[in-house]
Amino acid sequence: MIAVGESVRRKEAENKVSGAAKYNDDFAVPGMLYAALRTSTKAHATLRFVDKRKALQMPGVRAVLIGEDANVLCGEVLADRPPLAKGRVRYSGEPIALVVADSEAQAMAAAAAIDVAYDPLPVVNSPLEAAKPGAPVIHPELGSYTKEQPPIYPQAGTNICDSAHIRKGDMAKGWQDAGVVVEGDFPLPQIDHAAMETRSARVEILPDGRVQVFSSTQAPFEVQKLLSKYFAVPQGQVVVSAPLVGGAFGGKTSVNLEVLAYLASKAVAGRLVRLANTREQDIATSPVGVGMQARMKLGATRDGRLTAAEMTYWLDTGAYTDSTPRVARAVAAGCTGPYRVPNVHCDVNVVYTNHVFTTAYRGFGHINLTFTAERIMEKLAHALGMDPLELRRRNVLEPGDTTPTTVRLTRSNLGDTAKCLERAAELIGWTPGSHAERIGPHTVRAHGIAAFWKTSSSPPDAISGALITMNKDGTMNLATGTVEFGAGTKTTAAQILAERMGMDVDQIHIHSDVNTKVDPEHWKTVASMSTYMSGRAVLEAAEDAIRQMKSVAAIVLRCPPEDLEVGGGRVYLRDDPQQYVAFKDIAHGYKYQEGDSIGGQVMGRGSFIIRHLTLLDQKTGQGRPGPAWTVGATAVEVDLDTRDFTYRICKAVTVMDAGRVINPPVARGVVMGGMSMGIGYGSRECLMYGDRGELLNDQFRTYKVMRAGEEPEEYHVEFVETPRANAPLG
């Protein structure tokens, strides 16, 4: 049977479309208490006092916590963030106090009654402003913070909390060889993830010390690890459950509400406490996507061969670091885009501002580097008088070239960018030398094209596991630690298992939720790596189960295990498939007619760890940040009205080399969603701050996402499939 490469209905589809699917905040338990936050109205200020006396006297209130009640600093890479502001607030929307009450309304009313007095401090409102000598220092304690996940290089006494660098080739020679040099400045604002489901967490501390956490998270095992570390609870005592997640896009990798919910539960003798963001808090209080200011200089020969690139990035991490230092290394590692540049000089600075703090966002820094690289390529094409498509084709990386971090590329670890560009140009109707034409008295139609690449930037020890148990009827249960939030990761894993077992995917039953107590660990459901990592683990678990089945079947069929194959729900002789044992007859051991039994329940286990990745050298950037590079091309058709300069995006195209595509319709849906988010970011989405650092658009009335009727009339998504040698099924 063929399960891979086919359209397979997602395992959770019926429950989602019928409304039966349960998300984290859909569960209400009798006796559950509710928490609410009081957040800062100032972007930068010392806290003169936080008076909770009035709140404690209000109906239903069980506890009120302030910064002095939470003696811990949090952070994925650098421990710089207090769960509740203590002594100073660093962004408008930062949590100051936490109220626990019998109802959500009572908690919110009491939170509003807390009296807070501020002494304003100078506001740092942009990354360039933050990096200037003499800028107000947002974290005077920067030099004393604990480095949770090195490498990170904070510069005490400044707002630069980390930096990454690339030094490749001979820059002097690169500029000497250049016949044309262009440069430019490229800003990108912070952006909200705008997931349909806002973040939420519930925590209960049981009398035996176990901590039960229910969270809308992409990273349940990271939640488990950090809560264990912060509060000195044995890791096995922290049990994290993650049900279906209603959209994430990187925003639910950060561990925030879980810490606050733990503190709330501890304050009320371990009772179950629920904390959920309003939409406004999801934008203004929880982390958003990183903004930046970039400067890039690019040189090329007169015939369009790139010779040198120099770029500096200032990443706006906001008030705290979270995962942005890792984003910085991703930006540095891919800084040239998918182009051959022999001489590269890149500096990426992570700077504090008095903005909402940031975390992973879809693409993990590749939006920032791609925007910068593609804008400068357009400027270069114009300066050369060359067709932008031809300039890109002439410079795409190929097997035998090296990345900015000096990794040698092969046909296995690099997709075919040239083929993606060619097909995208065909689909958009690209005409060499003519990219804008008048199609009416007041309408100009224009086309644009760009290329992109991405690697994972995973930790060098990222792991994934899979467990298979067989049922008596010969069907299989599959458990993985990947979280389902829209990408169909569980269905994909089931397809891979069905393909290897030669059975119908409907005979594979998945565990939809993730529970850290019973499910094997998966690092995080991020980085476009879940199919690769969990797929490898599933295949290893499948081989383990097959070995067990063959071992028993070999006794029954009186042959060596090497003579056997599996498929169609049977273990059969390779040279005589009519001699077989059905899965159902050996799933829980084989029973002879006279009653004797052999074997036992078949339980396959598999694990995978990323191999051959290395940390980037701090001075040169040399190292291997990811296992492979996905590439692609995208193009748009835009109509401009010259009377009022409004425009309409008519058509959007993406062609991506993703290796072997497991489930094409699901893959197309994922890419199309990414295209919509990219068009939204490129055309309207941004977080806006006032002169005092206050967030001006913390709701969907003012934060403009793509809405019905604003999408392009046509989306086209196609795939190129360049096999990858060590990927599951290619």
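Structure shown above.
Residues numbered from 1 in each chain as written. Predicted model: local features only at pLDDT ≥ 70, side-chain atom pairs only at ≥ 80, totals over all residues. Heavy atoms only, no water.

Q: Hey, could you go over the sheet that holds strand E18 (residues 344–352) for me, with residue numbers and the actual values?
A: The sheet built from five strands is open, its strands ordered E9-E18-E17-E16-E10 with mixed pairing. Looking at which strands have only one partner, the edges of the open sheet turn out to be strand E9 (160–168) and strand E10 (180–188). With strand direction ignored, the average angle separating the axes of adjacent strands in the sheet is 5°. The sheet contact formed by E10 and strand E16 (residues 291–300) spans nine bridges and is antiparallel. Opposite Pro187, over in E16, you have Gln293 as the bridge partner. Lying on the sheet, helix H10 (residues 366–384) is in contact with E10, E16 and strand E17 (306–318); it crosses E10 at an angle near 145°. (Pairing = 2+ DSSP bridges. Helix = DSSP H or I, 4+ residues; strand = E, 2+ residues; numbered from the N terminus. Axes fitted to C-alpha atoms, helices over the stretch in contact; angles between N-to-C directions. Contact = heavy atoms within 4.5 Å.)

Q: Talk me through the sheet that holds strand E23 (residues 476–480); I want residue IDs and the actual numbers.
A: The mixed open sheet is built from four strands, whose spatial order is E24-E23-E22-E31. Since the sheet does not close on itself, it has two edges, and those belong to strand E24 (508–510) and strand E31 (603–609), each with one partner. For this sheet, the mean inter-axis angle between neighbouring strands, taken without regard to orientation, is 20°. Pairing analysis gives five bridges linking strand E22 (residues 463–470) to E23, with the strands arranged antiparallel.

Q: Outline helix H6 (residues 220–231), supporting the account with residue identities and numerical values.
A: Over its 12 residues, H6 runs 17 Å from end to end, which matches the ideal 16 Å to within 8%, given 1.5 Å per residue. Of all 12 residues making up H6, 10 are buried, and the element is well covered by its neighbours. Of all the positions in H6, only Pro220, Phe221, Glu222, Val223, Gln224, Leu226, Leu227, Ser228, Tyr230 and Phe231 are classed as buried. Residues of H6 that are buried sit in contact with strand E12 (211–215), strand E13 (238–242), helix H7 (257–267) and strand E25 (514–515). Among the residues trailing H6, Ala232 stands out with phi positive, at a value near 55°. (Expected span 1.5 Å × (residues − 1). Buried < 20%, exposed > 50% of the residue type's maximum accessible area, 1.4 Å probe, protein only.)

Q: Kindly report on the packing of aromatic side chains, identifying the contributing residues and their values.
A: The description of an aromatic ring pair rests on the distance of the ring centres and on the angle between the ring planes. Taken as a whole and assessed by the stated rule, the structure comprises nine aromatic pairs. Ring centres 6.5 Å apart and planes at 90° place the aromatic pair Phe186 and Phe371 in the edge-to-face group. In this pair, Phe186 sits in strand E10 while Phe371 sits in helix H10, placing the two residues 185 residues apart along the sequence. Taken together, the ring pairs in this structure connect Tyr91, Tyr320 and Phe357 into an aromatic cluster. Between Arg570 and the ring centre of Tyr580, over which it is positioned, the NZ or CZ distance is 4.5 Å. Across the ring face of Tyr532, the terminal group of Arg724 is positioned such that the distance to the ring centre comes to 4.0 Å. (Phe/Tyr/Trp six-rings, centres within 6.5 Å; stacked < 30°, edge-to-face > 60°. Lys NZ or Arg CZ within 6 Å of the ring centre and 35° of its normal.)

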